[in-house]
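Summary of structural features
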Amino acid sequence: MMAPAIAAQPTGQSVPMGLSATFSVVASGSSLQYQWNRDGAAIAGATGASYVTPATTFGDTGASFTVKVGNSVGSIESAPATLTVTARAPKAGDLRFQQVDAASTVNGYGNAGTGIFSGLNGRMGSTFSPALGTPLVVSGGDCAPGVTNGMGCAWFFSELPLADSSGSPALLAGYGSDFYSSFQVDLQGDPSSLAFGNGVTLVSSASVITSLDLEPADNLFALSWAQSAQAAGFDLAVQTVPPSGLQAAATQAGAGGRVVTAISSDGGQVTFVSYGWQADAATVYEVQVVTATPATAPAAAAGLAAQGYIITATGVADSSGDAYIVGTRVQGDTMARPFTTAQDSAQIEQMWQQGYATVGVVSGPAPGFAMTSLGER
């Protein structure tokens, strides 16, 4: 019989608070037995080649994990691996946070296939499933001046097909546009039927609108949404306020447990979409809204992330192409969140594979149209 030997040591893990960490070891030898330890104390039932922690808390950061591998010939203990707990992850199934730290993104988007960059024209719609979709690009150059027949605008987005192994096999990404004059009616559709007359989207308690662009001058609007058969209980609210009252209205929504998920200007007013969730009705949120130019939007978003906010909505603020950026955090959560930006396809793919969710895409007006993806985890 061979004495045990460790071929690959456990490595340190960094995970968002609320998620589990996985430690593993590769060992050789005959009839091996394993015992995992935390800070020198044996963990009951942790007797396999890998160990998955319970959902982490901030108090777990700094914990040290080792494993003893043995058989009748002898035993050997691994080097310690340290657990680092980072900013809180949204609860599993919460569609209101742009898939930040969700099963679809946290492990590098699972086995995502080739992403598709696509466009949405006025009065059109598309759905992709199983897929992860970005919010619509925030741009001041979406619409042709003076076109009011429902055909004068185009919006852009990316979607990534998800393999079943991604952890989100039921996730749907949807995009749709309709007449601006039909906006309120469309959002009040029968939950059992298609809300849009042109079959754009399904309004249901399992759907969350993730971006919105209102274009009253062209009699059009567009939106994106996420939908999942694995989560439900989301209730939609739409509010329109003057720009001077936006921060107060967003603060009130957060205090009531609601998350702002989409925002746009509306003829001198600001319209925003928020959702409560029956599965997490007690959490109180702090909300911060900033306005930025396309050039300053990445820095503004990074500043919110540094204060612990998740970017839950980006939208067009006015015809100049400026953007609203909405940050939401659980009350009292000020730990900085990892944030990055990407522009070309190689940078974007690297961002995805590192587990960053695309929380917004900002662009300057045509003809330059340089796009910057905002990533957060």
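Once a new chain begins, its residue numbering starts again from 1 and follows that chain's sequence as written. Reporting in this predicted model follows two pLDDT cut-offs: at least 70 for local features of residues, and 80 or more for side-chain atom pairs to be given and counted; totals over whole chains, interfaces and linings ignore these cut-offs and use all residues. Excluded from the side-chain calculation are hydrogens and water; included are all heavy atoms of the structure.

Now for the overall build of the protein. Each helix is a run of DSSP H or I of at least 4 residues and each strand a run of E of at least 2, with the numbering of both proceeding from the N terminus. Counting secondary structure elements, the protein contains four helices and 26 strands. C-alpha atoms define the radius of gyration in this analysis, and the globule rule sets the expected value at 2.2 Å times the number of residues to the power 0.38. At 23 Å, the protein has a C-alpha radius of gyration in line with the 21 Å of a compact globule built from 377 residues. Expressed along its principal axes, the backbone C-alpha trace of the protein runs to roughly 85 × 40 × 40 Å. The contact criterion used is simple: two residues touch if any of their non-hydrogen atoms lie within 4.5 Å. Long-range pairs, those at least 24 residues apart, make up 71% of the contacts in the protein with a sequence separation of at least 6. Counting only carbon and sulfur atoms, one obtains 53% of the accessible surface of the protein, whose full area is about 15300 Å². Areas reported as accessible are Shrake-Rupley estimates using a 1.4 Å probe. Residue values count occlusion only from the protein chains shown.

Note on placement: Glu 376 falls in strand 26 (residues 371–376). Polar contact is defined as a pair of N or O atoms within 3.5 Å, subject to the rule that within protein one atom must be able to donate a hydrogen and the other to accept it, and that residues adjacent in sequence are counted only when both atoms are side-chain atoms. Looking at Glu 376, its side chain comes within polar contact range of the main-chain nitrogen of Ile 311, at 2.9 Å. For Glu 376, the contacting residues outside a window of four places in its chain are Val 100, Ala 305, Tyr 309, Ile 310, Ile 311, Arg 337, Pro 338, Phe 339, Tyr 356, Ala 357 and Val 359.

Attention shifts here to the state of the cysteines. Defined by distance alone, a disulfide is two cysteine sulfur atoms within 2.5 Å. What the rule picks out here adds up to one disulfide. Disulfide pairing is shown between Cys 143 and Cys 153; the S-S distance is 2.0 Å. Looking along the S-S bond of the Cys 143-Cys 153 disulfide, the torsion reads about 105°, which is the right-handed sense. Taken together, the residues span a long stretch of sequence, with Cys 143 in the loop between strand 13 (131–133) and strand 14 (154–161) and Cys 153 in the loop between strand 13 and strand 14 at a distance of ten residues. Both residues of the pair, Cys 143 and Cys 153, count as buried. Working definition: with a 1.4 Å probe on protein chains only, accessible area under 20% of the residue-type maximum means buried, over 50% means exposed, and in between means partly exposed.

Within the secondary structure, Ala 163 is located in the loop between strand 14 and strand 15 (171–179). Remark: the alpha-carbon pair of Ala 163 and Ser 104, spanning 59 residues in sequence, is separated by 9.6 Å.

Within 6.5 Å between ring centres, the rings of Phe, Tyr and Trp (the latter by its six-membered ring) count as paired, and their orientation is classed by plane angle as stacked under 30 degrees, edge-to-face over 60, tilted in between. On inspection of all chains with the given rule, the structure shows ten aromatic pairs. On the numbers, 6.1 Å between centres and 35° between planes, the contact of Tyr 51 with Phe 65 is tilted. One end of the pair, Tyr 51, is in strand 7 (residues 50–52); the other, Phe 65, is in strand 8 (residues 64–70), with 14 residues separating them in the sequence. On the accessibility criterion, Tyr 51 (13% relative accessible area) is buried. On the basis of relative accessibility, which here comes to 1%, the residue Phe 65 falls in the buried class.

Once that is clear, we can look at the sheet that holds strand 17 (residues 220–228). Backbone hydrogen bonds hold the strands of a sheet together, and the pairing may be parallel or antiparallel. When DSSP finds two or more bridges between a pair of strands, those strands are recorded as paired. Strand order across the open sheet formed by four strands is 12-15-17-16, with antiparallel pairing between neighbours. Of all strands in the sheet, those with a lone pairing partner are strand 12 (125–128) and strand 16 (207–215), marking the two edges. Strand-to-strand, the axes of this sheet are offset by a mean angle of 10°, without reference to chain direction. When strand 15 meets strand 17, the two strands line up antiparallel, connected through nine bridges. Following the sheet pairing, Ser 177 is matched in strand 17 by Ala 222. Here the axes come from fitting lines to C-alpha atoms, over the contacting stretch only for helices, and the angles between their N-to-C directions go from 0 to 180 degrees.

Confidence scores labelled pLDDT are given residue by residue by the predictor and lie between 0 and 100. Summary statistics for the protein give a mean pLDDT of 88 and a share of 91% for residues scoring 70 or more. For residues 190–200, every residue scores under 50 in pLDDT, and the model assigns this stretch 30 contacts once sequence neighbours within four places are set aside.

The term salt bridge refers to a pairing of a side-chain nitrogen on Lys or Arg with a carboxyl oxygen on Asp or Glu at a separation within 4 Å. Taken as a whole, this structure holds ten salt bridges when the rule is applied. Note that Arg 38 and Asp 60 form a salt bridge whose closest N and O atoms lie 3.1 Å from each other. Here the residue Arg 38 occupies a position in strand 5 (residues 33–38), and Asp 60 occupies one in the loop between strand 7 and strand 8, the gap between them amounting to 22 residues. Judged by its relative accessible area of 30%, Arg 38 is partly exposed. Put simply, Arg 38, Asp 39 and Asp 60 are held in one network by salt bridges that share partners.

Mapped onto the fold, Thr 61 is located in the loop between strand 7 and strand 8. Since its relative accessible area comes to 40%, Thr 61 is described here as partly exposed.

Here we take up the environment of Thr 340. Examined against the element boundaries, Thr 340 turns out to sit in strand 24 (residues 339–342). In sequence terms Thr 340 and Pro 298 are 42 residues apart; their C-alpha atoms lie 8.6 Å from each other. Thr 340 has contacts with Met 351, Tyr 356, Ser 373, Leu 374 and Gly 375, leaving out every residue within four places of it along the chain.

Ala 301, Ile 311 and Ile 325 are the most contacted members of the largest nonpolar core, which totals 21 residues. Mapped by element, the contributors of at least two residues to this core are strand 21 (285–292), helix 3 (297–306), strand 22 (310–316), strand 23 (323–330) and strand 25 (357–363). Ranked by residues supplied to this core, first place goes to helix 3 with four residues. Aside from chain neighbours lying at most four places away, what touches Ile 311 is Gln 98, Ala 301, Leu 304, Ile 325, Val 326, Gly 327, Val 359 and Glu 376. Membership of the second largest hydrophobic core comes to 20 residues, among which are Leu 95, Leu 132, Val 208 and Leu 223. Among buried residues, those of type Ala, Val, Leu, Ile, Met, Phe, Trp, Tyr and Cys that are joined through side-chain atoms within 4.5 Å constitute a nonpolar core.

What follows is about the sheet that holds strand 20 (residues 269–277). Taken together, three strands build an open sheet; the order of strands is 18-20-19 and the sheet is antiparallel. Both edges of this open sheet fall to strand 18 (234–241) and strand 19 (259–266), since each of them pairs with a single strand only. When strand polarity is set aside, the average angle formed by the axes of neighbouring strands in this sheet is 20°. Pairing between strand 19 and strand 20: seven bridges, direction antiparallel. The residue bridging Ser 264 from the neighbouring strand is Thr 271, located in strand 20. Along the sheet, helix 2 (residues 246–255) makes contact with strand 18, strand 19 and strand 20, crossing strand 20 at roughly 5°.

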